[in-house]
Amino acid sequence: MIGIVVVSHSRALAQAAVELAAEMVPPEARPTIKVAAGLDEPAAFGTDAMAIADAIGEADSPDGVLVLVDLGSAVLSSEMALEWVDPGVSQRTLVCPAPFVEGLVAATVTASTGADLATVAAEAKAGLSAKLAHLEPETPLAQPEPTDDPAVEDGQALTFETVIDNPHGLHARPAANLVAGLRGLDVNVQLTNSTRGKGPAPASSLAGVTTLGLSRGDTLAARLTGPDRKAALERLRQLAETNFGEDDDQDSPVQAEDPGETAAPVQTGRQIVVGPVAHLTTTIDLSAYRPGDPDVERDRLDRAIAQVVEHLQAKADASGRQGGIFRAQAVMLDDPELLADLRSGVAGGASAVAAVSGDLAAVAAELGALEDPYLRERAQDVRGLARQITAELVGVRIDLSTVEGILVVDELDPLTAASLDPTRCLGVITCSGGATGHGVIVAGARGLPVVTGQAEAADIPDHTVVGLDPVGQVLWINPTMAQLAEIDRLSVERRNEATLAAELCHRPAVTRSGRRVLVEANIASLTDAKTALANGADGSGLVRTEVLFADWDHAPSAAEQADVYKAIGRALDGRMITIRTWDPGGDKALAFLPQADEPNPMLGERGIRAMRRWPDLLCEQLKAIVWTSRRTPVRVMFPMIVEPQEMLWASQILSQARSETGGQVAVGMMVETPAAAVRAADFVDLVDFISIGSNDLAQYTMAADRGNGAVGHLAQADQPAVWDLIDLAARSFSGRPVAVCGDIASRPELTPRLIEAGVTELSVRPPLIGLVKLAVRTRA
């Protein structure tokens with residue numbers, strides 16, 4: 001017989017509901033029912049995840065446990081509790097959305113018959129059916145004649161309703177499609193989530209639409225006023241019919257609700273390929289361009305930018321989950337400051353070509369000068385945009401859909417990656433640039449393997465046979481028979497491993513000795529969060545706030561930040577997220593926080609050191625994090641801590657934020673320096689967990705800049721000295737959560753060594769979650 005757990009904000013309510021349900025069946029037939037309700041203080045309302053976890057353990061049965069909740073945070077607390085119980089218990093426990101009292105009565109009666117968990121849950125969810133049948137009239141009174149059209153004329157307004165059918169609700173990308181789809185019309189559209197009573201929000205605001213929290217099955221209501229309301233209504237209808245442009249075909253990553261039915265990957269972007277080389281030059285011949293007077297050049301510039309933006313929007317609409325990359329590029333070209341600079345250039349006598357080349361080259365140079373690889377490679381996007389605008393100016397058209405074999409380019413921009421035909425193009429080699437460029441991301445999402453930064457590829461003649469391994473970043477030129485045999489062996493191994501990882505990615509990662517390891521994701525965007533959920537993430541071990549808000553022109557308020565953090569929490573379906581506080585300085589720039597030049601920025605005011613200059617900025621962020629904790633499980637983590645006094649200061653600012661907002665969050669720190677690793681024991685009483693930043697730890701330990709190609713090979717996290725420091729830090733926190741969020745966590749071959757050191761959480765790049773989980777199960 002299954003067990004039942006009753007979760008409520010009110011202990012009195014829960015106990016009364018249990019007494020009522022118990023009256024429905026004889027004592028000898030009653031299932032085990034445990035209550036987790038209220039707080040420890042007398043008559044205090046609230047829910048406690050630890051108490052819920054204890055109740056689940058007490059109610060556990062081989063047949064499963066059904067958890068019934070009343071409202072709000074009871075759901076979040078119950079989901080958090082599942083992270084704390086034994087994995088076997090968690091797998092057979094179901095949090096049910098049934099009505100609280102009616103559902104409990106139905107569940108108790110059905111469970112008493114020996115029904116299985118699924119049957120009991122179904123009966124509980126149907127608990128309202130008798131009440132609805134009795135109280136709801138079969139024919140609504142005073143209602144207009146029924147119509148097949150969900151749009152209704154309301155005086156000068158039109159109204160429209162649709163039920164959201166997107167698998168993960170109206171998240172950022174379909175919401176962006178909605179906003180973009182109504183752009184350009186003279187209409188005011190106010191949206192409401194009728195199911196949850198949220199709104200209204202203007203359809204012109206992506207943040208507003210996203211914060212409506214429209215989940216699958218929720219009703220979206222729209223009220224349209226203005227001259228173009230009928231045209232807007234038609235567009236809204238069309239968007240709704242296509243799930244707001246969300247692409248669910250085979251080009252999109254599979255997000256199966258049933259992990260057992262996850263499709264095996266066909267083209268993952270990790271496959272090894274062999275084929276002939278085909279070069280693509282990114283140089284555009286400008287010899288035929290004839291500049292005109294400033295008015296002519298201004299017109300040419302505006303038309304060229306408009307054409308590129310239109311092309312980007314078209315690619316965005318056709319690119320499924322990667323469409324956000326193209327929309328971001330379109331937004332970049334709509335930047336008033338950039339447009340003003342370009343127009344100022346042509347007004348001053350420069351040609352449109354020269355203005356584009358000069359201004360965008362300057363922007364790319366600023367980005368390219370950053371040492372952080374992720375931020376530095378955004379320069380590729382800017383150079384790609386410059387090439388696209390220049391091509392429009394000179395009338396160049398390149399049909400990339402016909403490229404066959406393995407393409408060699410200097411850099412891979414997103415539009416090039418999106419234009420390649422994966423049935424013809426086997427893969428891509430770049431002569432410069434790294435693996436985190438947006439073009440590489442788009443290519444990988446389309447199943448195209450990419451090997452980056454291979455300068456020697458520029459000299460490989462066309463039609464030369466090459467092989468490439470995107471995982472090992474290996475390039476074989478004219479491979480021998482022995483190499484081809486090895487390539488074939490690796491291909492089969494990689495394909496089988498990827499298939500198994502995809503099939504099991506949504507299951508907990510448990511070692512052969514029964515130890516669970518959380519495999520989480522490093523998050524720098526909502527897209528990352530969605531990808532992480534699709535790949536089975538247990539949460540996020542690192543939310544990089546300095547990347548989320550890197551291009552904001554003002555310091556985001558607590559409310560603005562909280563909106564973004566909550567959206568990430570929703571994208572991860574309520575799993576724990578670990579938010580790292582502002583980490584500026586060194587190789588990480590924040591547009592709204594200019595810092596003075598330093599002789600050696602990597603040893604200067606980074607992380608928490610910089611925040612001591614701007615405590616109000618840190619406090620505002622901490623308020624946002626505490627606010628977010630009311631809606632989704634959150635931990636906070638402070639970067640670049642090297643001595644206890646810094647941690648005590650950060651904790652004081654957190655206490656101030658808590659006093660203003662209320663709420664509690666677990667507190668952690670990054671271990672990124674030898675000092676923090678060697679003296680980790682000094683922090684045991686100051687933090688709840690640590691997270692080892694292996695990238696910085698390696699470069700500080702080995703005195704080698706990881707952004708310097710000449711010594712980058714020394715700044716590797718698998719150096720013996722770095723391993724010793726990881727071991728030392730983990731031992732100091734034995735019995736406490738110890739995470740690793742650097743690149744070393746994303747290397748499945750090193751997973752067993754990290755677990756052996758005492759690491760309990762691995763935060764990795766989202767596409768690698770399944771493979772790291774597989775390494776936990778099969779190698780550790």
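For clarity, every value in this text was computed on a predicted model and none was experimentally measured.

**Some words on the nonpolar core**
Step number 1: Counting 79 residues, the largest nonpolar core has Met611, Leu622, Phe638, Met647, Met669, Ile726 and Leu762 as its most contacted members.
Step number 2: The element that contributes the greatest number of residues to this core is helix α24 (residues 615-628), accounting for 7 residues.
Step number 3: The contact partners of Ile726, leaving out residues within four places of it in the chain, are Ile692, Leu697, Ile744, Leu754 and Ala757.
Step number 4: Within the second largest apolar cluster, 26 residues are counted, among which are Ala175, Ala201, Leu233 and Leu239.

**Examining the pattern of salt bridges**
Step number 1: Summed over the entire model, instances satisfying the criterion amount to 28 salt bridges.
Step number 2: The closest approach of N and O atoms between Glu234 and Arg237, which form a salt bridge, is 3.0 Å. One end of the pair is Glu234 and the other is Arg237, both in helix α10 (residues 229-241) and 3 residues apart, which spans about a single turn.
Step number 3: Under the relative-accessibility criterion, Glu234 is labelled partly exposed at 37%.
Step number 4: Between Asp583 and Arg580 there is a salt bridge, with the nearest N and O atoms lying 3.8 Å from each other.
Step number 5: By relative accessible area, which is 0% here, Asp583 ends up buried.
Step number 6: Of the residues examined, Arg580 reaches a relative accessible area of 4% and is grouped as buried.
Step number 7: Salt bridges here are not isolated pairs; linked through shared partners, they connect Arg544, Glu546, Arg580 and Asp583.

**Considering the sheet that holds strand β2 (residues 33-37)**
Step number 1: In spatial order, the strands read β2-β1-β3-β4; together these 4 strands make up an open sheet with parallel pairing. The two strands at the open ends of the sheet, each matched to only one other strand, are β2 and β4 (93-96). Between one strand axis and the next, the sheet turns through 20° on average, direction left out of account.
Step number 2: Here strand β3 (residues 65-69) runs beside β4; their pairing, made up of 4 bridges, is parallel. Within β4, the position partnered with Leu68 by the bridge is Cys96.
Step number 3: In this fold helix α3 (residues 73-84) packs onto β1 (3-8), β3 and β4, with an angle of close to 155° to the strand it touches most, β3.
Step number 4: Helix α5 (residues 100-112) contacts β1, β2 and β3 of the sheet and is inclined by roughly 170° relative to β1.

**So, the sheet that holds strand β16 (residues 518-523)**
Step number 1: Spatially, 8 strands are ordered β16-β17-β18-β19-β20-β21-β22-β23 in a closed barrel, and the strand pairing comes out parallel. Pairs of neighbouring strands in the sheet enclose a mean axial angle of 25°, with direction left out of account.
Step number 2: As judged from the 3 bridges shared by β16 and strand β17 (residues 540-544), these two strands associate in the parallel manner. Looking at the pairing, Asn522 lines up with Leu542 of β17.
Step number 3: The strands that helix α25 (residues 644-661) touches are β19 (634-638) and β20 (666-671); relative to β20, the one it contacts most, it runs at about 150°.

**Examining the environment of Leu750**
Step number 1: The residue Leu750 is located in the loop between β22 (738-740) and α29 (751-757) in this model.
Step number 2: According to the relative accessible area criterion, Leu750 is buried, its value standing at 12%.
Step number 3: Residues Leu750 and Val776 lie 26 residues apart in sequence; the distance between their C-alpha atoms is 10.0 Å.

**Digging into the environment of Val440**
Step number 1: By the secondary structure assignment, Val440 is in helix α18 (residues 438-445).
Step number 2: For Val440, a relative accessible area of 13% puts it in the buried group.
Step number 3: Separated by 23 residues in the primary sequence, Val440 and Ala417 place their C-alpha atoms 7.4 Å from one another.

**Concerning the packing of aromatic side chains**
Step number 1: Summed over the entire model, instances satisfying the criterion amount to 2 aromatic pairs.
Step number 2: Here Phe549 and Tyr565 contribute two aromatic rings whose centre-to-centre distance is 6.1 Å and whose plane-to-plane angle is 90°, an arrangement assigned as edge-to-face. You can see Phe549 sitting in the loop between α21 (545-548) and α22 (558-571) and its partner Tyr565 sitting in helix α22, a full 16 residues away along the chain. The exposure classification of Phe549 matches that of Tyr565, with both residues buried.
Step number 3: With centroids separated by 5.7 Å and ring planes inclined at 75°, the aromatic side chains of Phe549 and Trp582 adopt a geometry described as edge-to-face. Taken together, the residues span a long stretch of sequence, with Phe549 in the loop between α21 and α22 and Trp582 in the loop between β18 (577-580) and α23 (608-611) at a distance of 33 residues. Each member of the pair Phe549 and Trp582 is classed as buried.
Step number 4: Grouped by ring-pair contacts, the aromatic residues Phe549, Tyr565 and Trp582 constitute a single cluster.
Step number 5: For Arg753, the ring lying beneath its charged end belongs to Trp723, and the centroid distance is 4.5 Å.

**Topic: the confidence of the model for the protein chain**
Step number 1: Residues with a pLDDT of 70 or more make up 82% of the protein chain, whose mean pLDDT is 82.
Step number 2: Counted against residues more than four places away or in other chains, residues 137-151, with its pLDDT under 50, gives 8 contacts.
Step number 3: Per-residue pLDDT stays below 50 along residues 247-266; that stretch engages in 31 contacts with residues further than four places along the chain or on separate chains.

Rules behind the numbers
Residues numbered from 1 in each chain as written. Predicted model: local features only at pLDDT ≥ 70, side-chain atom pairs only at ≥ 80, totals over all residues. Heavy atoms only, no water. Core = buried A, V, L, I, M, F, W, Y, C linked by side-chain atoms within 4.5 Å. Buried < 20%, exposed > 50% of the residue type's maximum accessible area, 1.4 Å probe, protein only. Helix = DSSP H or I, 4+ residues; strand = E, 2+ residues; numbered from the N terminus. Contact = heavy atoms within 4.5 Å. Salt bridge = Lys/Arg side-chain N within 4 Å of Asp/Glu carboxyl O. Pairing = 2+ DSSP bridges. Axes fitted to C-alpha atoms, helices over the stretch in contact; angles between N-to-C directions. Phe/Tyr/Trp six-rings, centres within 6.5 Å; stacked < 30°, edge-to-face > 60°. Lys NZ or Arg CZ within 6 Å of the ring centre and 35° of its normal. pLDDT = per-residue confidence, 0-100.

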